[in-house]
Amino acid sequence: MYKITKEWDELLFDEFSSENYKALREFLKKEYSTCTVYPSMYDIFNSMKYTSFSDLKVVLLGQDPYHNEGQAMGLSFSVPDGVQIPPSLTNMYKELHNETGFIPPKSGNLIGWAKQGVLLLNTVLTVRAHQANSHKGQGWEKFTDSIIKKISDKKQGVVFLLWGGNARSKKPLIDKTKHLVLECAHPSPLSAYNGFFGCGHFVKTNEYLTSVGKTPIDWSDL
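Presented here is an overview of the structure given in this document.

Each helix and strand counted, the protein has 9 helices and 6 strands in total. On C-alpha atoms alone, the protein measures out to a radius of gyration of 17 Å, which is about the 17 Å that the 2.2 N^0.38 rule sets for 222 residues. Projected onto the principal axes, the alpha-carbon positions of the protein cover approximately 45 × 35 × 30 Å. In the protein, buried positions account for 54% of the 222 residues. Element-wise, carbon and sulfur atoms account for 51% of the exposed surface of the protein, whose accessible area totals about 10,200 Å².

This is the structure we're talking about:
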């Protein structure tokens, strides 16, 4: 079984022991040995390494990792320091600026958000180089659906940010009587003007967290 942290390992024990994950692991062994796959196998579970289950306050769902060299780091929408900021994240920074006056940094590294309790989770955690969605349908969806469901069932007062059709399809997994679900268009250039810009989600997230007695996210802490 893969080791993330004691807390996540215990929470996901059944998933890591499942036939679904065993088949997924065999698929990944072959992929990593015969193709270029992102992120590094050591970074696949970074979203949970940086955000403990106990501290988790926000879930920001992405689709699958960036598929160009040097971009994917196991955190949805995030890229390492020194890597050009991708268009979707650029639009996220623009919306954040419009909502709060946030001054966009030169870096697209979102570890600062993750450490504050923002789970930057993709629904598929690996991808072949230059082939978006190439690991779709191999078992990751069942694995990450379980993560979303466990968060919904076992926690209270979490904000789920569902941007775009893929993320919004996960809404049935979330108990909306216990959590806040915010949904809109994806921040990609193809759809950002169809409802992402002006969504107000960064401010709404913090208003809700404050209302349930939790510390709001300092979105500028990057």
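This next bit is on the pairing of strand β3 (residues 118-122). The buried fraction of β3 amounts to 5 of the 5 residues, a majority that puts the element mostly inside the structure. Neither face of β3 is open: one carries Val 118, Leu 120 and Asn 122, the other Leu 119 and Leu 121, and all of them are buried. One ladder, built from 5 bridges, connects strand β2 (residues 58-62) with β3; its direction is parallel. By the bridge assignment, Leu 60 is partnered in β3 with Leu 120.

Residue Tyr 38 is joined to Pro 39 through a cis peptide bond whose omega torsion reads -5°. Turning to its location among the elements, Pro 39 is positioned in the loop between β1 (37-38) and α4 (46-50). A positive phi angle, near 70°, is found at Phe 77, a position not held by glycine. Along the chain, Phe 77 turns up in the loop between β2 and α5 (87-100). With a phi close to 60°, His 130 is a non-glycine residue in the positive phi region. Looking at the secondary structure, you find His 130 in the loop between β4 (127-128) and α7 (140-154).

Bringing α7 into the picture now. With 15 residues, α7 extends 21 Å from end C-alpha to end C-alpha; this agrees with the ideal 21 Å at 1.5 Å per step. Buried within α7 are the following residues: Trp 140, Phe 143, Thr 144, Ser 146, Ile 147, Ile 148, Lys 150, Ile 151 and Ser 152.

Note on placement: Thr 100 falls in helix α5. Its relative accessible area of 45% is what places Thr 100 among the partly exposed residues. For the pair formed by Thr 100 and Trp 140, sequence separation is 40 residues and the distance between their alpha carbons is 35 Å. A distance of 2.8 Å separates a polar side-chain atom of Thr 100 from the backbone oxygen of Leu 96. One polar contact links the side chain of Thr 100 to the main-chain amide nitrogen of Phe 102, over a distance of 3.2 Å.

What counts and what doesn't
Residues numbered from 1 in each chain as written. Predicted model: local features only at pLDDT ≥ 70, side-chain atom pairs only at ≥ 80, totals over all residues. Heavy atoms only, no water. Helix = DSSP H or I, 4+ residues; strand = E, 2+ residues; numbered from the N terminus. Rg over C-alpha atoms; globule rule 2.2 N^0.38 Å. Buried < 20%, exposed > 50% of the residue type's maximum accessible area, 1.4 Å probe, protein only. Areas by Shrake-Rupley, 256 points an atom, 1.4 Å probe, with all protein chains shown as cover. Pairing = 2+ DSSP bridges. Expected span 1.5 Å × (residues − 1). Polar contact = N/O pair within 3.5 Å; in protein donor to acceptor, adjacent residues only side chain to side chain.

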